[in-house]
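# Structural features, examined
Read off the chains here:
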Amino acid sequence: MEKIWAIAIVILLFLIIIFLVRKFFNGFYKKEYSKKMRKTWGARTYYWHFILMISGVVTILIIFLLTWGNVLTF
């Protein structure tokens, strides 16, 4: 049962970090690409690839720090 809670916490943390990173970089994305360019698949793909990679790295870093500090155990 503990592993199910740990997985749920990781998924929730990942989704929260995605939301925060997207909010942080949304202004840069709008400034960098025009409205017409943002509707193309190429710009969207690079944007979401960047958001998911940054969120994944931050999530892994947070989980690593929590397990290293014995706050979260598996």
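Residues numbered from 1 in each chain as written. Predicted model: local features only at pLDDT ≥ 70, side-chain atom pairs only at ≥ 80, totals over all residues. Heavy atoms only, no water.

## A closer look at the side chain of serine 55
Going by this rule: Each helix is a run of DSSP H or I of at least 4 residues and each strand a run of E of at least 2, with the numbering of both proceeding from the N terminus. Only protein chains enter the accessibility calculation, which uses a 1.4 Å probe; a residue whose area is less than 20% of its type maximum is buried, one above 50% is exposed, and one in between is partly exposed. Any two residues whose heavy atoms approach within 4.5 Å are treated as being in contact.
Along the chain, serine 55 turns up in helix α3 (residues 41-68). Take serine 55: its relative accessible area is 0%, and that puts it in the buried class. Leaving out residues up to four positions away in the same chain, serine 55 has contacts with Phe14, Ile17, Ile18 and Val21.

## Digging into the packing of helix α1 (residues 2-32) against α3
As a reminder of what qualifies: Where helices are involved, their axes are fitted lines through C-alpha atoms of the stretch in contact, as for all axes, and angles between N-to-C directions lie from 0 to 180°. Roughly parallel covers angles under 35 degrees, roughly antiparallel covers those over 145, roughly perpendicular covers 65 to 115, and oblique covers all other angles. By the definition used in this description, the sense in which the near helix is turned from the far one sets the handedness, with an anticlockwise turn below a right angle giving left-handed and a clockwise turn giving right-handed. The residue classification treats Ala, Val, Leu, Ile, Met, Phe, Trp, Tyr, Cys and Pro as nonpolar and Asp, Glu, Lys and Arg as charged. All others, Gly included, are polar.
At their nearest, the axes of α1 and α3 sit 8 Å apart, and the two run at 135 degrees to each other. Viewed along their axes, α1 and α3 adopt a mutual orientation that is oblique. Once α1 is placed against α3, the crossing between them reads as right-handed. In terms of residue class, the contact of α1 with α3 is made up of 18 nonpolar, four polar and two charged.

## Remarks on α1
Stated precisely, the cut-off is as follows: Between the first and last residue of a helix there are one fewer steps than residues, each counted as 1.5 Å, and that sum is the expected span. Here the bend at a residue means the angle between the axes of two seven-residue stretches, the one that ends at it and the one that starts at it.
In this model α1 runs 44 Å from its N-terminal to its C-terminal C-alpha over 31 residues, within 8% of the 45 Å that 1.5 Å per residue would give. At phenylalanine 25, α1 is bent by approximately 40 degrees, the largest bend along its length. Those residues of α1 that sit buried are Ala6, Ile17, Ile18, Val21 and Tyr29. Looking at the buried side of α1, the elements it contacts are α2 (35-38) and α3.

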